[in-house]
Amino acid sequence: MKFAVIQFPGSNCDQDCLAAINGLDGLRAEYVWHKETSLDDFDAIVLPGGFAYGDYLRCGAIARFSPIMRAVVSDARAGKLVLGTCNGFQVLCEAGLLPGALVRNRSLRFVCDMATMRVEVDDSPFTHGCPKGTLLRFPVAHGEGCFFADAETLRDLNANGQVILRYADSQGRIVPEANPNGSIENIAGICNRERNVFGLMPHPDRASDARLGSVDGAKIFRSMMQGIDASRATTASKHIAKVA
Amino acid sequence: MTLFETHNSGIALVCAVRCKYGEGMKVKVLVMPKAAVLDPQGNAVRDAMRHLGMPEVRSVRIGKYMEIDVDGKNGELEARLHGLCRDLLSNPVIEDYELQK
C-alpha cells in the first residue's frame with residue numbers, strides 16, 4: 001500500500017511523515033514534489049507540516065494553488081484518503097476540502113509541546129483502532145493552529161460527527177487548560193462530511209516511534225491502511241457480484 | 001549580469017509592456033479579520049496603547065494592506081481582481097476584503 005507525501009517548498013515534516021509511514025509493516029511512502037500533477041499511483045495522500053511558501057499571505061494560501069493540488073482535490077472528491085497534519089491541515093482548509101480556518105494562536109505564542117487529544121469519533125477511516133474516548137498523545141508545534149468556524153459550520157461539524165479529535169487533559173476532560181492554541185470547542189482535528197479527508201494540527205508523524213515518547217501516531221496510519229483494505233474488499237465483492 | 005542590471009532590465013520590460021497596452025492602474029486591497037474572528041494581535045496592541053497613556057482606546061483590529069500595480073484599466077480586469085481577492089488575497093471564512101481603485 002503506497003502513501004504519497006507531498007513536498008511543498010517550505011515543507012519540513014515530510015521526512016517525519018515518510019519515516020513514520022515506512023516504519024509500519026505493509027505501508028510504503030514516497031515523496032511527491034508539488035509540481036507533479038498526478039497521484040494515480042497512490043492509495044492515500046499525506047500533506048505534511050511545515051511552512052509551505054513561507055506561510056506568506058496566510059498559512060496554506062499559496063500552497064493550495066500548487067499544481068499537485070488539482071490532483072489532491074479530484075482524488076479527495078473521488079474518495080481517496082487524505083491526511084493533513086499541521087501545515088497540511090491549513091492547506092486543506094484553504095483548498096476548501098475541509099471547513100473552517102486556522103488562525104493565530106490565542107496566546108500569540110508559538111506552541112511546541114506534547115498535547116493530549118480525545119477521540120470523539122471512532123468510525124472514521126482514520127480512527128478505526130481507537131474507541132471513542134481514547135486519549136492520544138501527539139506533539140504540537142505551531143503558531144497558527146487556532147481552529148475557527150462560524151456558528152453554522154460548527155453546528156454542522158458537531159451534528160455530522162466530523163470533529164474527530166479534541167484537546168483534553170490527562171483525565172480526558174475537555175477543559176480550556178488543555179487547549180494549546182485557543183481552538184473553538186477544543187477542536188484539534190476534523191474530517192469532511194464524506195469522512196475521507198482528515199486534518200489535525202498535532203503531529204501523528206512525530207509520535208510513531210517509542211523513542212519519541214509516543215507511538216499513538218501509528219494508530220492513525222494503521223487505521224488508514226485498514227480503511228483502504230476495507231474499501232478494496234467492498235469494491236472487489238461488488239465486482240464479483242457484478243460478474244456473477 | 002549583476003543583480004542591478006537584471007533589476008533594471010525588469011523595469012524596462014515593464015515599461016515596454018505599459019507602452020504597448022497603454023495606461024495601468026494602482027489598486028489597493030484592504031483585508032480585515034471578520035468581527036466574529038478573535039484578533040489577539042489587535043488586542044495586544046490595544047492593551048499596549050492603553051498602557052502608553054491612552055485608556056480611551058476601545059479596540060484595535062489588525063488587517064493587511066496591499067498595493068497592486070496592474071497594466072490596463074477595463075472593467076473585466078476589475079472583475080478578475082475581485083476573483084483573486086476572494087480566492088487568494090483573502091480567506092472569506094475569516095476575512096473581509098475591500099478593493100479600492
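Refer to the structure printed above.
Residue numbers restart at each chain and count upward from 1, following the sequence in its written direction. Note on labels: chains are lettered from A, ligands numbered from 1, in written order. Owing to the predicted nature of the model, reporting of local features is limited to residues with pLDDT of at least 70; listing and counting of side-chain atom pairs is limited to 80 or more, with chain, interface and lining totals taken over all residues. With hydrogens and water stripped out, all remaining heavy atoms of the structure feed into the side-chain values.

Chemist: Go over the overall build of chain A with me, naming the residues and quoting the values.
Modeler: A run of H or I in DSSP counts as a helix once it spans at least four residues, and a run of E counts as a strand once it spans at least two, with each numbered from the N terminus. Helix and strand counts for chain A stand at five helices and 11 strands. The C-alpha radius of gyration computed for chain A amounts to 17 Å, which stays within 12% of the reference 18 Å derived for 244 residues, consistent with globular compactness. Dimensions of chain A, computed from the C-alpha atoms along their principal axes, are close to 60 × 40 × 40 Å. Classification of residues uses two cut-offs on accessible area relative to the type maximum, computed with a 1.4 Å probe and protein chains only: under 20% is buried, over 50% is exposed, and between them is partly exposed. Residues counted as buried form 57% of the 244 residues belonging to chain A. As a reference, a globule follows 2.2 Å times the number of residues to the power 0.38, and the radius of gyration itself is taken over C-alpha atoms.

Chemist: Can you break down the pattern of salt bridges residue by residue, with the values?
Modeler: Side-chain pairs of opposite charge can arise where the charged atoms are in close proximity. All names here are of chain A. One speaks of a salt bridge when a side-chain nitrogen belonging to Lys or Arg is within 4 Å of a carboxyl oxygen belonging to Asp or Glu. Counted according to the given criterion, the structure contains 20 salt bridges over all chains. Here D43 and R232 are joined by a salt bridge, their closest N and O atoms 2.7 Å apart. Highlighted residues: D43 in the loop between β2 (28–33) and β3 (44–47) and R232 in helix α5 (residues 217–243), separated in sequence by 189 residues. We classify D43 as partly exposed; its relative accessible area is 22%. Judged by relative accessible area, which is 40%, R232 ranks as partly exposed.

Chemist: Provide a residue-level description of the nonpolar core, including the pertinent values.
Modeler: Of all hydrophobic cores here, the largest spans 72 residues; its most connected members are F3, F8, L39, L47, V72, L165 and F221 of chain A. Two residues qualify as a contact provided that any one of their heavy atoms is within 4.5 Å of a heavy atom in the partner residue. Ignoring anything within four residues of it in the chain, the contact list for L165 of chain A reads M117, R118, V119, E120, L136, F138, N186, I187, A188, G189, F198 and L200 of chain A. Of all hydrophobic cores here, the second largest spans 11 residues; its members include V27, M66, V70 and L81 of chain B. In these notes, a set of buried Ala, Val, Leu, Ile, Met, Phe, Trp, Tyr and Cys residues joined through side-chain atoms within 4.5 Å is what counts as a nonpolar core.

Chemist: A description of a nonpolar patch on the surface should follow, citing residues and the corresponding values.
Modeler: Residues enter patches when they are more than 30% accessible in relative terms and free of salt bridges; like-charged ones are connected within 9 Å and nonpolar ones (Val, Leu, Ile, Met, Phe, Trp, Tyr) within 5 Å. Using a 1.4 Å probe, accessible areas were evaluated by the Shrake-Rupley method; residue-level cover was limited to the displayed protein chains. On the surface, a nonpolar cluster with roughly 230 Å² of combined accessible area is contributed by V45, M49 and M54 of chain B. Position of V45 of chain B among the secondary structure elements: in helix α2 (residues 40–51).

Chemist: Could you give an account of the sheet that holds strand β6 (residues 111–119) of chain A, with specific residues and numbers?
Modeler: All names here are of chain A. The pairing criterion for strands is at least two bridges between them, as found by DSSP. A sheet is described by the order of its strands in space; here nine strands give the open sequence β2-β1-β3-β4-β11-β10-β9-β6-β7, paired in mixed fashion. Edge strands, defined here as strands with exactly one partner in the open sheet, are β2 and β7 (135–142). Direction aside, the axes of adjacent strands within the sheet are offset by 25 degrees on average. Relative to β7, β6 is paired through eight bridges, and the arrangement is antiparallel. Each bridged residue has a counterpart across the sheet, and for M114 the counterpart in β7 is P139. Note on geometry: axes are C-alpha line fits, over the in-contact stretch for helices, and angles between N-to-C directions span 0 to 180 degrees.

Chemist: Could you give an account of the packing of aromatic side chains, with specific residues and numbers?
Modeler: Residue and element names in this part refer to chain A. Between the rings of Phe, Tyr and Trp (Trp by its six-membered ring), a pair exists once the centres lie within 6.5 Å; its type follows the angle of the planes, with under 30 degrees stacked, over 60 edge-to-face, and the other angles tilted. Tallied over the entire structure, the rule returns two aromatic pairs over all chains. Consider the rings of F89 and F147, whose centres lie 6.2 Å apart with planes at 10 degrees: the pair is stacked. With F89 in helix α3 (residues 87–94) and F147 in strand β8 (residues 146–148), the pair connects residues that are 58 residues apart, well separated along the chain. Both rings, one in F126 and one in F198, keep their centres 5.1 Å apart while their planes meet at 50 degrees; by these two values the pair is tilted. You can see F126 sitting in the loop between β6 and β7 and its partner F198 sitting in strand β11 (residues 197–200), a full 72 residues away along the chain. Accessibility assignment for this pair places F126 and F198 in one class, buried.

Chemist: Can you break down the interface of chain A and chain B residue by residue, with the values?
Modeler: Contacts between the two partners involve 15 residues from chain A and, on the opposite side, 16 residues from chain B. Accessible surface is computed with a 1.4 Å probe, and the buried area is the amount of it that two parts give up when combined, taken over both parts together. Overall, the association of chain A and chain B removes approximately 1300 Å² of surface from exposure, summing both partners, and the carbon and sulfur fraction of that is 69%. In terms of surface lost to chain B, no three residues of chain A exceed L57, R58 and F148 of chain A, which account for 42% of the buried area on that side. Across the chain A-chain B interface, the total number found is one salt bridge. Two residues, R58 of chain A and E95 of chain B, come together in a salt bridge whose shortest N-O distance is 3.8 Å. Polar contact criterion, stated in full: a pair of N or O atoms within 3.5 Å, where within protein one must be able to donate a hydrogen and the other to accept it, and residues adjacent in sequence count only if both atoms are side-chain atoms. Scanning the region where chain A abuts chain B turns up five residue pairs in polar contact (both at pLDDT 80 or more). Its residues placed into classes, the side of chain A that touches chain B shows eight nonpolar, two polar and five charged. Lys, Arg, Asp and Glu make up the charged group, whereas Ala, Val, Leu, Ile, Met, Phe, Trp, Tyr, Cys and Pro make up the nonpolar group; the residues left over, Gly among them, are polar.

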